[in-house]
Amino acid sequence: MDNGEWRPADDNYGVAICTYKPRVEKGLSLNVGETVHILEEYGGENGWYYGESMSRKTGWGIFPKSFIHIKDCITEGKGQYQTVIPKEDHMVRELTFGLREWFQTWKTKYLCQGWSQMLDDVAVVMADLTVLRGRLLKDTLSAEQATSLREEIATLVDWGNGQLGMDFIPRKNGQELNPDECSVIELHRVHSQGVEKLRSTKSTKRTRLPTESCRTEEGNIFNLLVCYRSNQCNIADDSIVYLSIYSAKDDKFISEQYEIRLNKNGFPVDVERSDILNSLFTDLSPEDVNKNLFLVVRIYRYGRMLHDHKEHKKPLTSPYRRPWGVGVLSVREIQEQMDIVDDLYECNLKVVSCTDDSIFSEFHESLIKRYSISSSASSSQLKASASNPERASLGLHLAVKIITGDLKKCQTEHPMLFTKGLAVIQKMDFSDVINPGEVRNDVYLELREGDFDRDGKKAQKNVEVKVTVLDKEGRHIPKCINYGYAEELQDTFRSSVLYHNNGPKWGEIVRISIPMEKFPGSSVLFEISHCSTKASKAEKKLCGFAFMRLTDDEDIVIKDAFHNLCIYKCEDPSKIKYEKYKTMPFLVDDWGMPRQSVFISKSLPYVRSPKETMQVSTKLTSTKFTQTSELLGILKWKDCMSDLDKNLDKLMKLQGGEIMKFLSDILDALFEMLQAGNQTPYYTKVFHALTFILNLLLDSRFENFVPVLDSYLKETFTSPLVHTHLMSLFSSGIERAVNGESFPVAMSLKVLAPLVRFIVRSRELETLNPMCVNPKSDQEFSILIAKLFDSFGLLLSSKDQKLKISQMALLSNLQKSFETFVVVMTKRELAEYVKAVISKLPSPREISEDVARNKMEFIREIVNSELFIDDESRSVLLPLCVSQVRNCLLQKTFLQLVTNTLGDLLDKLFKLKQEKDMADDIEMFVKMMFQVMVDTTLSLSEKVVSHPSYISSSLSSQHESNDFDCEEEEVQKKGSKRQVDRDRRRTLTGINFFNKGRPPSMSMQPSVPNLKTVDSTPVKILDIGELYKKRVPAFSMEDLGLSGEMISCMAELLRLMEHRHYNVILKPTQSSLKDFLGKVLLTFRELIKEDLFPSGWTVMRMVINNALFTAIEYLSTALSEHFLQKDQFNQQLWSHYFNLSVAFITQPSLQLEMYSEAKKQKIVERYQDMRILMGQQIQTLWENLGANRRHFIPSLIGPFLKVTLVPEEELRKATIPIFFDMMESEMKTCGNFQMVENEMIEKLDEFITSENLGDTDYMALFSTILLEKVEKEPELKDNGRQFVLSVTNLLERLLDYRQVCGGEDHRSSHMKCTFNILNFYKDNTNKEEMYIRYIKKLYDLHLGAQNYVEAGLTLKLYAQLLQWKDGVRKEELDYLAQPEWERKERVYLQILDCFDKGKVWEYGIPLCKELADVYEKKYEYRKLSNILERQARFFSNILDGVKVQEEGQDRPVFYPRQEPTYFRVAYYGQLFPPFVRNKVFIYRGNECLKLQDIINQLKQEYPMATILQFNNVIDDQKKMGEAQYIQIGSVKPRPEDKPEFVYNSGVAPEIKNFYTVNDVSTFQFDRSFHRGEKDPNNEFKTLCTERLVMHTNYTFPGILQWYEVIRTEQLTLSPVCTANEAVKSACKELQKEIDKTKKDSSIDAIKSLSMKLQGMISASVQGGIPKYQEAFFSPDYERLHPEERDRIRELKELLNEQVKLLDHGLHLMKTMDRMHGTGLSDMLRSLGEILRDIKESLGMQSSSVRRSSSHLSVSSVREVNRRSDSGVESMLVEQRPGTPGGGSIQSSGSNRSSGFSAADAVSEELVDLSEPDQGPQENIPPINLPTNQPPKGAYSNNSKKKRPFSMILSTEKKPRVPPKSVWYDSGTVSSSLLEKSISDPDISRQPSHKYPDSFSRDSPFRHPGLSAEPIPEKPEPPPKQRQPKETQELVKSEISATSNRVPPLPPRKPSLGKQTNGLHRPSMYEPVESSQSSDTPPPIPQRASVLRSTVPKPAPRSSVIRHEENSRL
């Protein structure tokens, strides 16, 4: 063969043995274990295969042969049409794929939920299944073993599927059931049986418990195996051990004994058997086990009477058995150990020695009582003995085990046991089930006790009894006695000897097994001897004897009872002669009276001892002999004819066991009596006796004798004429019973089947016997049969309640005789007879309920009989069965039984349809049952909706019109006719298909179906939500007595129906087709309810859905044909249809996305995707509606929207265009489609947020399809496009909201998404309810996060919707219905509480004023007083801060409120949610929040994100990549200038400080760098500042803690401007310290000022002002930089002002030193000298000063609050001290905090220690600023890390470079951004006009983020002078291109302290943050500053700020 080309493969199926990753073209990747279909091959063994993966179906490819293991398969077809079917075992294949799926599911659950006991159990089962699969693959099991193993595997698989939440696999006979080859009813029953089986399975262990039966037919038989190991008792003599089973409940031994003989050393006497001393106690029934069984061990010492420990030379001729000890072991304890130990259970049985011989026989009972009392201790003792045997008490070491099954099964499963001489110990009784072939003839004789005389002696006797068995001739019967199991029976038995006891109690039982022929006349002789202990006397002396006859003269065995025997005196054994005593009385009772006994004794050969007796008991266990004389009278009836009547009566009183022994003989005798011909008077009694015996066979004890009866009928029965007598007696007896005479009808009918068998067998013998041939026999037999069935009918027709039991017996047993009757008649004849009998039953109202139930059970048996399979008999019985089922359904009786019968009937029709044409039968069934089944299902659904209008109130056989009535209500005259019509169409809908239990406001307002409603009349709609509230339990068919079988029946009927059948039920001539269709549609809704079946019944649901889909297609055709035209159009029917279709599509079982890929593919291959098919059907019918579409707007918008949200693209493409049709229809009707828009928005909100529907793909497809359609329609183009974009925008926001909804980790993102949706609903005036709902959500989120300021501002949105009116406001949010002004008052008070907790009292003052005005007008003076006090407290808090009562202090301490912190957060990467992706945000934190806290929280929320350690520009690769990057850093707010603060020097600093960090929307970040080459001697010459200014569209604080950056600007400050900024910042900080010291002259304030002065003055020693002079005041610098002349002049003025401030500070310090004695005089003197040198260097002695030294002028410090973080370190050393205490970051109600301001965060955590060697770009020109116009935002405060006071006062330091702030983020930067210097930046000044009252309630109070307008941008000033292009430099700022999204910053957590040491701090640079916003700002109102009098106009969407050089260049 040529291996160089591709050829068809010889092997077509294989499995990959290792993973293959192809590196060749068209290679097919394979995973280990993956199966492949091989089509072609190339090369030899190391060649290639060409094929595809059978699991993935991803395409064809090549793969190496060496990677594949070939497996056997069956191929069908050729080439590309070839298919392969693996030959491997179906269970093996199922396990292979199932275990893989299990592992994936198991792994997923483990990763999501962690370890659990369930997962541990499943893991164990997976390992077990792997082992079991290997056993199946070995193929070494027998057929029976393989079947059992498959069943075991199936049980484990079903259990595992249930535990893992996977689908249940229906199986039959161990094989997976094919739903196409079985009926729906059978499929449902298999599911139910599997679930029930799993419920009953309590353990997943494969080992059966001992209490479980192996086979049902074995009757749960248990056997106890006992293996003797060793004896640990020190007996010091030979001994005998007896083991037996004792029942503590019955107080008797139930088994024979097992005997073990041991020598004095404790070893077995029989050395050869020492290792195989094993016994098996058999035939223990479950009843025996429940009787508290014990294994009793009794040990006898075998030797001399008294053990003297001496060695005797003379051996003992006759040793004695003397009691020694007893031990007990509970069988129940052994059972418990079997759960732990798989093999033999080794235990030590403790033996207790008995010191009192008199109680030895009962000693075990006392031990058992003690054992029971301490059962728990015994259990623990047993377990301890199992684990540590040597520690147990002395006794016997045994090994025990419980084995299930009968003896035959034990021999089969444990053959090795029986090869080692196993002793089988049987019970002392018959088994619970008597086997017919069992032969036993045993008499158990118990020596109980005796009463003996002393005979004049002082000591009592030592009595020994010798037992001997004699035959009727008095001869000794050898080998017939057994006391303990031994190899041979004994001739005699000697009892144990109780020392000195005249009343011994032996309690010893012996078995006497006499041969059958010797048993009659046999007797037992008891020889009583005294055993002497003296050596001089004989060892034994005969004292007397007793005897007992076992049978009487008629061979009747002695009764089982206690027998008191007479003792006759005799001292010579040779004188005891059988001939002499055989006629003597042997029982004490035989002697009668005492006088009579004396008279009798004189005439007897032996003298009876009157005072001595002996008691024995007997028990007969024989299958041949009886203890009753009645049986002999029956068997020998011809000999005693006169007593026949009495004997028959006695026969019927005997126990069953006695009769079963002689069953065949008794039956022969009875049939002989019937055929005798002259026993007519006894015929009836003989018939009674026959029925009595046959009834005994129904007893479970004698069920094994049924085969005996069968054998008797076939082989022994020879009565050819008895059938005539039996039928005559039977029929006449029934007639007599009906007439009131006595006859056991019920008993006879219970055995109807065996009687009919005798009748038929007798008839067969008659036809076969030529002697009995009679030409008229056939006719006579037919007459008798007809008469018999007539009597049956007569019985059923009787209304006498006394015959109810008989009627029930007939109906229960008649069907059992069908199989026998068909032997002598045709099936059709039998069917006719049966139909005639059933037709005699009275109407259901006239018979009892029990009889009616039995009738239906009989109908079910008919359906399942062979008569129903035969065509002729079925034609008779099918109408009968259907009519009976139909009547019961109409009357709603026995629904469970009726549905089971109906299921059986449909199941039969399905199976017959597979073989033959059943169209006619199905048509008849459909005509009679379809509508009844529909009505029944609807009547049951009434219990679901709890409203009578959903269903017909009555279901009658005439099928009255069951219209769905509902109340009608007149339409109020409140609008135009069009509005009324729109309202009616809005509420008119079908069944609510939404989730149950949803409040009415969250769901549709469905209409109750009313098929009579006229279209033009509005209908009052019942709220489905309210209806669901009324029902208490969840609906379940099982709870209502109707299982899912009714659903299965309906589905199966739909499967059986064909086109002709649908034509029958959908005929236009049918009365009320409209009502019929309505009920059918509603019924179909019931069939797809989710709660009808367990979640794992996917196969069942798919079959039902497939049947429903076909039926719905036919119904849709009928709708289109009969109810589409104008005159016939019915809106309600169409509404039902569409709602049904929607419910069908959206049902969970059809959502294929939740299934695995293999399962999904399997479903699609079998059924296709029924959602798509149904969606196409909806689209087709919707298009056919035409103008009628307007009737379904907006009622069907929600349902159709739910369909489109199903994640199936084809379905969406088919159904989304329906919305365009709705828009078009509504536009034509109303001129707009506002109703469509409103309804769609409302439903989208509900479906996406509440039901988790929809995705981004849906959003894109929705927009694409509808935009494409509206663009083609001129009338809809503009409005339609706006509508589509609006809905798409809402979809995007809702999807973002759902993604982050829930969980603490996503609370911040949740807030932002809520904010976005809030913006959307704010614009929609018709959605106030939705707007309020999201206000509440955002408010709750803020409260949960303790964001009290934002919570108050959010709640104020709701307050703005309220007015001060008296009208009642409806219930909403958490408020009950109340007057509107009270509602607003309550909301205001809540807002005030939030503002108070958030310490923004400025925002609460206007509310207080407004409330005060309302209270004053309403004369609510008490409330007015309270609100004014609160307002006053707010004013006080603004100035004083928060009052805190410190522990241990008498007076409260006031802490000023701290400033909030601001951070910039940027998110880069495509893996972020859309609302934060590649966007930058400003975050407002409380005063305690630090940068590291934010970083930690972001890492928690986005664990996969990388926190960038640099501040450079982010490239596009990171933005568009799949990774996540976050930049974060502190920023500083830039407040607007407030003229009332600038020109009013008396404004308190607390007020100024508040507006420095609040009411802000602009933020900045500064970074230092060197331009050009750095001067090593003076770095100030080249030190520049890069400033990034960011703008948000909402001010802080607002309703969010963060807002998006919409615009960024970048400024570059020249070295001179940088110096000016540094000096201004230093002056401001120094001025603060001076003011603070003047106000608070405490030691802390003085020390703080001293540190500030020392840091600023002493720092100048090594640089500082001299360095500034050297750098900027030289002529060379002015010559090289003439444009900086004005700024140099300004720097000189600022330095002079700084020196004056320093001088003023020193003067103040000196004053304080003199007043308080601070001890700083030396330091102040030193600082004064240094300052004097500085003044001289500046030439201040001759220079005139323009500003006062005590305070900076307005022109020089009005922008000091715009603090920069660069160029400040040389001026400032110490930052302000933090407030004392350490409050929690979560506490917003206290100012006690260790937090820092924004400036502190920048200087403390983000100080860049790297050298500022290089700026962002080379050759950046400087910025020249005019002296009288400093740049806006060019100033910066500075702060440094705290140092100890001693360090601050330490030695001098050289000049320090102004630090750069480390920034961990970078905004979106445009690559085309130009960075150029600005000579005259935009420095705007506030107008100088007077401002109104800041807290006036008349002024507009609008907080940031609350108004509809964003913060306006300041207009740029016109350029003062246009410069040439080559000198013109621009800095472009771009607007954010995204909507207002916010980073999901997590909730605040306690400060983590300083954790910046571990962070890398490189030089960071971001030239500019620029982005373009294409969306209009969100329409949430913003709050304007309380100091503004006018509202600024909105800023344009985008602008370009151009910074031009100053004209002075």
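Residues numbered from 1 in each chain as written. Predicted model: local features only at pLDDT ≥ 70, side-chain atom pairs only at ≥ 80, totals over all residues. Heavy atoms only, no water.

Asker: Would you mind showing me how to read the packing of helix α16 (residues 663-675) against helix α17 (residues 683-696) here?
Answerer: The relative placement of two packed helices comes down to the angle between their axes together with the axis-to-axis distance. For the pair α16 and α17, interaxial distance at closest approach is 10 Å and the crossing angle is 155°. Taken together, the axes of α16 and α17 are roughly antiparallel relative to one another. Judged by the sense of rotation from one axis to the other, the crossing of α16 with α17 is left-handed. Contact residues: α16 offers Leu663, Ile666, Leu667, Leu670, Phe671, Met673 and Leu674, while α17 offers Tyr683, Val686, Ala689, Leu690 and Ile693. Taken together, the residues that form the contact of α16 with α17 break down as 12 nonpolar, no polar and no charged. (Axes fitted to C-alpha atoms, helices over the stretch in contact; angles between N-to-C directions. Helix = DSSP H or I, 4+ residues; strand = E, 2+ residues; numbered from the N terminus. Parallel < 35°, antiparallel > 145°, perpendicular 65-115°, else oblique. Left-handed = near helix turned anticlockwise from the far one by under 90°. Contact = heavy atoms within 4.5 Å. Nonpolar A, V, L, I, M, F, W, Y, C, P; charged D, E, K, R; others polar.)

Asker: When you look at the nonpolar core in this model, what are you seeing that I'm missing?
Answerer: Across soluble globular proteins, you tend to see nonpolar side chains buried next to one another. If you look at the biggest cluster of nonpolar residues, it comprises 318 residues, and the most contacted ones within it are Phe930 and Trp1134. When residues in this core are grouped by element, the largest group, 12 residues, is from helix α35 (residues 1098-1122). Apart from residues no more than four positions distant in its own chain, Trp1134 is found in contact with Leu1119, Ser1120, Phe1123, Leu1124, Phe1129, Leu1181, Leu1185 and Phe1192. With 68 residues, the next largest nonpolar core counts Ile368, Ile558, Leu565 and Tyr581 among its residues. (Core = buried A, V, L, I, M, F, W, Y, C linked by side-chain atoms within 4.5 Å. Buried < 20%, exposed > 50% of the residue type's maximum accessible area, 1.4 Å probe, protein only.)

Asker: Hey, could you run me through the packing of aromatic side chains in this one?
Answerer: Applying the stated criterion across every chain yields a total of 74 aromatic pairs. Taking the centre distance of 6.0 Å and the plane angle of 70° together, the rings of Phe1138 and Trp1182 count as edge-to-face. Within this pair, whereas Phe1138 is found in helix α36 (residues 1131-1146), its partner Trp1182 is found in helix α38 (residues 1170-1185), the two being separated by 44 residues in sequence. Considered together, Phe1138 and Trp1182 belong to a single accessibility category, that of buried residues. Ring-pair connections join several aromatic residues into one group, and the members of that group are Phe545, Phe547, Tyr568, Tyr578, Tyr581, Phe586 and Tyr606. The ring of Tyr1525 carries Lys1518 above its face, with NZ or CZ at 5.4 Å from the centroid. Across the ring face of Phe1673, the terminal group of Lys1692 is positioned such that the distance to the ring centre comes to 5.1 Å. (Phe/Tyr/Trp six-rings, centres within 6.5 Å; stacked < 30°, edge-to-face > 60°. Lys NZ or Arg CZ within 6 Å of the ring centre and 35° of its normal.)

Asker: Looking at this structure, how should I read the environment of Ala852?
Answerer: Of note, Ala852 is situated in helix α26 (residues 849-863). You can call Ala852 buried: its relative accessible area is 9%. It is 9.2 Å that separates the C-alpha atoms of Ala852 and Thr893, two residues lying 41 residues apart in sequence. The residues touching Ala852, leaving out its near neighbours within four places in the chain, are Ile847 and Phe894.

Asker: It is not clear to me how the sheet that holds strand β24 (residues 481-482) should be interpreted in this structure. Could you clarify?
Answerer: What links the strands of a sheet is backbone hydrogen bonding, and the strands pair in either a parallel or an antiparallel sense. In space, the nine strands of this open sheet follow the order β24-β26-β22-β30-β29-β28-β27-β23-β25, with antiparallel pairing throughout. The outermost strands of the open sheet, each flanked by one partner alone, are β24 and β25 (492-494). With two bridges connecting them, strand β28 (residues 540-549) and strand β29 (residues 562-569) associate as antiparallel partners. Its bridge partner lying in β29, Phe545 is registered against Tyr568. (Pairing = 2+ DSSP bridges.)

Asker: What is the right way to read the pattern of salt bridges from this model?
Answerer: Pairs can form between side chains of opposite charge whenever their charged atoms are close. Applying the stated rule across the entire model yields 80 salt bridges. For the salt bridge of Glu346 with Arg229, the shortest nitrogen-to-oxygen distance reads 3.3 Å. Of this pair, Glu346 sits in strand β18 (residues 345-350) while Arg229 sits in strand β11 (residues 222-231); the two residues are 117 residues apart in sequence, bridging distant segments of the chain. A relative accessible area of 36% means that Arg229 is categorised as partly exposed. Here Arg1433 makes a salt bridge to Asp1396, at a shortest N to O gap of 3.1 Å. You can see Arg1433 sitting in helix α50 (residues 1421-1440) and its partner Asp1396 sitting in helix α48 (residues 1380-1398), a full 37 residues away along the chain. By relative accessible area, which is 35% here, Arg1433 ends up partly exposed. Ionic contacts of the salt-bridge type, sharing partners, join the residues Glu1328, Arg1369, Glu1372, Glu1380 and Arg1383 into one network. (Salt bridge = Lys/Arg side-chain N within 4 Å of Asp/Glu carboxyl O.)

Asker: Any chance you could explain the side chain of Ser247 here in plain terms?
Answerer: Mapped onto the elements, Ser247 comes out in strand β12 (residues 238-247). At 3.3 Å, the side chain of Ser247 forms a polar contact with the backbone nitrogen of Asp250. Contacts of Ser247, omitting those with residues within four sequence positions, involve Lys252, Ile254, Lys291, Asn292 and Leu293. (Polar contact = N/O pair within 3.5 Å; in protein donor to acceptor, adjacent residues only side chain to side chain.)

Asker: It is not clear to me how unusual backbone geometry should be interpreted in this structure. Could you clarify?
Answerer: The bulk of non-glycine residues show a negative phi, and the bulk of peptide bonds are trans. Across the junction of Ile1193 and Pro1194, the peptide omega takes the value 5°, indicating a cis bond. Structurally, Pro1194 is set in the loop between α38 and α39 (1197-1204). The linkage connecting Phe1596 with the following residue, Pro1597, adopts the cis geometry, with an omega of -5°. With phi around 50°, His500 is a residue other than glycine that occupies positive phi space. Its place among the elements puts His500 in the loop between β25 and β26 (505-513). Positive phi is not limited to glycine here, since Asn1252 has a value of about 60°. With respect to the helices and strands, Asn1252 occurs in the loop between α42 (1234-1250) and α43 (1256-1271).

Asker: Mind showing me how you'd approach the sheet that holds β11 here?
Answerer: Taken in spatial order, the five strands of this open sheet run β18-β20-β11-β15-β21, and their pairing is mixed. Two strands lie at the open edges of the sheet, namely β18 and β21 (423-425), each paired on one side alone. Between one strand axis and the next, the sheet turns through 30° on average, direction left out of account. Here nine bridges tie β11 to strand β20 (residues 395-404), and the two strands are oriented antiparallel to one another. In the sheet register, Cys227 faces β20, and the bridge partner there is Ala399. Set on the sheet, helix α6 (residues 331-338) makes contact with β11, β18 and β20; between it and β20 the angle comes to about 70°.

Asker: Any chance you could explain α50 here in plain terms?
Answerer: With 20 residues, α50 should reach 28 Å at 1.5 Å per residue; the first-to-last C-alpha distance of 28 Å fits that figure. For α50, every residue scored as buried is listed here: Leu1424, Ile1427, Arg1430, Gln1431, Phe1434, Asn1437 and Ile1438. The buried residues of α50 occupy one face: seen down the axis, they fall within an arc of 150°. α50 presents Arg1422 and Glu1429 as exposed residues on the side facing more than 90 degrees away from its buried surface. In the core, the buried residues of α50 are packed alongside α48, α49 (1401-1417) and α54 (1549-1557). (Expected span 1.5 Å × (residues − 1). Arc of directions from axis to C-beta.)

Asker: When you look at the environment of Gln1161 in this model, what are you seeing that I'm missing?
Answerer: Within the secondary structure layout, Gln1161 lies in helix α37 (residues 1157-1167). Judged by its relative accessible area of 23%, Gln1161 is partly exposed. Setting aside chain neighbours within four positions, we find Gln1161 in contact with Ser55 and Lys57.

Asker: Which parts of the structure should I look at to understand α49?
Answerer: The periodicity of an α-helix, 3.6 residues per turn, causes residues three or four positions apart to be oriented the same way. In this model α49 runs 24 Å from its N-terminal to its C-terminal C-alpha over 17 residues, within 8% of the 24 Å that 1.5 Å per residue would give. Where α49 ends, the next residue or the one after it, Tyr1419, has phi of about 60°, a positive value.

Asker: In this structure, what is going on with the pairing of strand β3 (residues 35-42)? I would like to understand it.
Answerer: Each regular strand displays side chains that alternate between the two surfaces of the sheet. Across the eight residues of β3, six count as buried, placing the element largely inside the fold. Examined bridge by bridge, strand β1 (residues 7-8) and β3 share two bridges and lie antiparallel to one another. Paired with Arg7 across the two strands is Glu41, which belongs to β3. Here three bridges tie strand β2 (residues 13-16) to β3, and the two strands are oriented antiparallel to one another. Within the sheet, the bridge partner assigned to Gly14 lies in β3 and is Val36. Relative to strand β4 (residues 48-53), β3 runs antiparallel, the two being bridged by six bridges. Of the residues in β4, the one forming a bridge with Val36 is Ser53. Two successive antiparallel strands, β3 and β4, enclose a turn made up of five residues, where Gly43 displays a positive phi of approximately 80°.

Asker: Help me understand a nonpolar patch on the surface in this model?
Answerer: Residues Tyr110, Leu111 and Trp115 make up a contiguous nonpolar surface patch of roughly 370 Å² in combined accessible area. Structurally, the position occupied by Trp115 is in the loop between α1 (90-113) and α2 (117-138). (Patch = residues over 30% accessible without salt bridge, like charges linked within 9 Å, V, L, I, M, F, W, Y side chains within 5 Å. Areas by Shrake-Rupley, 256 points an atom, 1.4 Å probe, with all protein chains shown as cover.)

Asker: How should a negative patch on the surface be read in this particular structure?
Answerer: Taken together, the side chains of Glu362, Glu449, Asp451 and Asp453 present a region of like negative charge at the surface. Mapped onto the secondary structure, Glu362 falls in the loop between β19 (352-353) and α7 (363-373). (Lys, Arg positive; Asp, Glu negative; His and termini not counted. Charge placed at Lys NZ, Arg CZ, Asp CG, Glu CD.)

Asker: In this structure, what is going on with the side chain of Thr618? I would like to understand it.
Answerer: With respect to the helices and strands, the residue Thr618 is situated in strand β30 (residues 608-622). In this structure the side chain of Thr618 is engaged in a polar contact, spanning 3.1 Å, whose partner is the backbone oxygen of Lys559. In contact with Thr618, other than residues within four places in its own chain, are Val443, Tyr444, Leu445, Met548, Ile558, Lys559, Asp560, Ala561 and His563.

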